[in-house]
Amino acid sequence: MDILKVSMFGISAVLLALILKSYRPEYSYYISIAVCICIFMFVGTKLELIIGYAEKMQSLIHLDNSYLEMILKMIGITYVAEFASNLCKDSGYHTIAGQIELFAKLSILAIGMPVMLAFMETIGELL
């Protein structure tokens, strides 16, 4: 039921930020950023759990370590970029948010290219 805690924390922060926005608009941004960082840290605890399960699955299937590392890097890039992009959008900087998202997509593509190359080589060997 962690989602209920996080959701209530987020909703409470939004309500507080809305109240403060009429008095001191800069405080609403500070609250938003602080709550986002707190929730992001909570996400980190869930990621540790997921990494543990992924390592256990890897030991059962006997996959190469590089594939698991690649997947974890992709997940990390996705979460960090989404976090940074949402903060920028919340502050009104949509263009910067778009550039962060573009860079994240290209980074994920660059990380995944060795897998695509290996896949193409395997297909080439079969033909």
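Report on the accompanying structure. Computed from a predicted structure; not experimentally measured.

**Remarks on the overall build of the protein chain**
A count of helices and strands for the protein chain gives four helices and zero strands. If you list the helices and strands of the protein chain from N to C, you get α-α-α-α. What you see for the protein chain is a C-alpha radius of gyration of 20 Å, clearly larger than the 14 Å of a compact globule of 127 residues, by over 25%. Reported as C-alpha extents along the three principal axes, the dimensions of the protein chain are approximately 70 × 35 × 15 Å. Counting over 127 residues, the protein chain shows a buried share of 15%. Intrachain contacts of the protein chain at a sequence separation of at least 6 include 56% that bridge at least 24 residues. Carbon and sulfur atoms form 73% of the exposed surface of the protein chain, whose accessible area is close to 9,700 Å².

**Some remarks on the packing of helix H3 (residues 65-90) against helix H4 (residues 94-126)**
Contact geometry of H3 with H4 gives a least axis separation of 8 Å together with a crossing angle of 175°. With respect to H4, the element H3 is oriented roughly antiparallel. Contacts between H3 and H4 involve Tyr67, Met70, Lys73, Met74, Ile77, Thr78, Ala81, Ala84, Ser85, Cys88 and Lys89 from the first element and His94, Ile96, Ala97, Ile100, Glu101, Ala104, Ser107, Ile108, Ile111, Gly112 and Val115 from the second. Residues belonging to the contact of H3 with H4 are distributed by class as follows: 14 nonpolar, five polar and three charged.

**A short note on the environment of Ser22**
Residue placement: Ser22 occurs in the loop between helix H1 (2-21) and helix H2 (25-61). Of the polar contacts made by the side chain of Ser22, one reaches the backbone oxygen of Ile19; its length is 3.1 Å.

**Brief notes about the pattern of salt bridges**
For the structure on display, the rule yields three salt bridges. The partner of Glu101 in a salt bridge is Lys89, with the nearest N and O atoms 3.1 Å apart. Of the two residues, Glu101 sits in helix H4 while Lys89 sits in helix H3, which places them 12 residues apart along the sequence. According to the relative accessible area criterion, Glu101 is partly exposed, its value standing at 24%. The class of Lys89 is partly exposed, set by a relative accessible area of 34%.

**Focus on the packing of aromatic side chains**
By the definition in use, this model includes two aromatic pairs. When the centroid spacing of 6.2 Å and the interplanar angle of 45° are considered together, the rings of Tyr27 and Tyr30 count as tilted. Taken together, the residues Tyr27 and Tyr30, both in helix H2 and three residues apart, mark about one turn of the helix. Lying over the aromatic face of Tyr27, Arg24 brings its terminal NZ or CZ to 5.0 Å of the ring centre.

**Some details on the state of the cysteines**
Throughout the structure, instances matching the rule amount to zero disulfides. Sulfur of Cys36: no disulfide; nearest cysteine sulfur belongs to Cys38 and is 9.3 Å away. Overall, the relative accessible area of 41% leaves Cys38 in the partly exposed class.

The rules we used
- Residues numbered from 1 in each chain as written.
- Predicted model: local features only at pLDDT ≥ 70, side-chain atom pairs only at ≥ 80, totals over all residues.
- Heavy atoms only, no water.
- Helix = DSSP H or I, 4+ residues; strand = E, 2+ residues; numbered from the N terminus.
- Rg over C-alpha atoms; globule rule 2.2 N^0.38 Å.
- Buried < 20%, exposed > 50% of the residue type's maximum accessible area, 1.4 Å probe, protein only.
- Contact = heavy atoms within 4.5 Å.
- Areas by Shrake-Rupley, 256 points an atom, 1.4 Å probe, with all protein chains shown as cover.
- Axes fitted to C-alpha atoms, helices over the stretch in contact; angles between N-to-C directions.
- Parallel < 35°, antiparallel > 145°, perpendicular 65-115°, else oblique.
- Nonpolar A, V, L, I, M, F, W, Y, C, P; charged D, E, K, R; others polar.
- Polar contact = N/O pair within 3.5 Å; in protein donor to acceptor, adjacent residues only side chain to side chain.
- Salt bridge = Lys/Arg side-chain N within 4 Å of Asp/Glu carboxyl O.
- Phe/Tyr/Trp six-rings, centres within 6.5 Å; stacked < 30°, edge-to-face > 60°.
- Lys NZ or Arg CZ within 6 Å of the ring centre and 35° of its normal.
- Disulfide = S-S within 2.5 Å.

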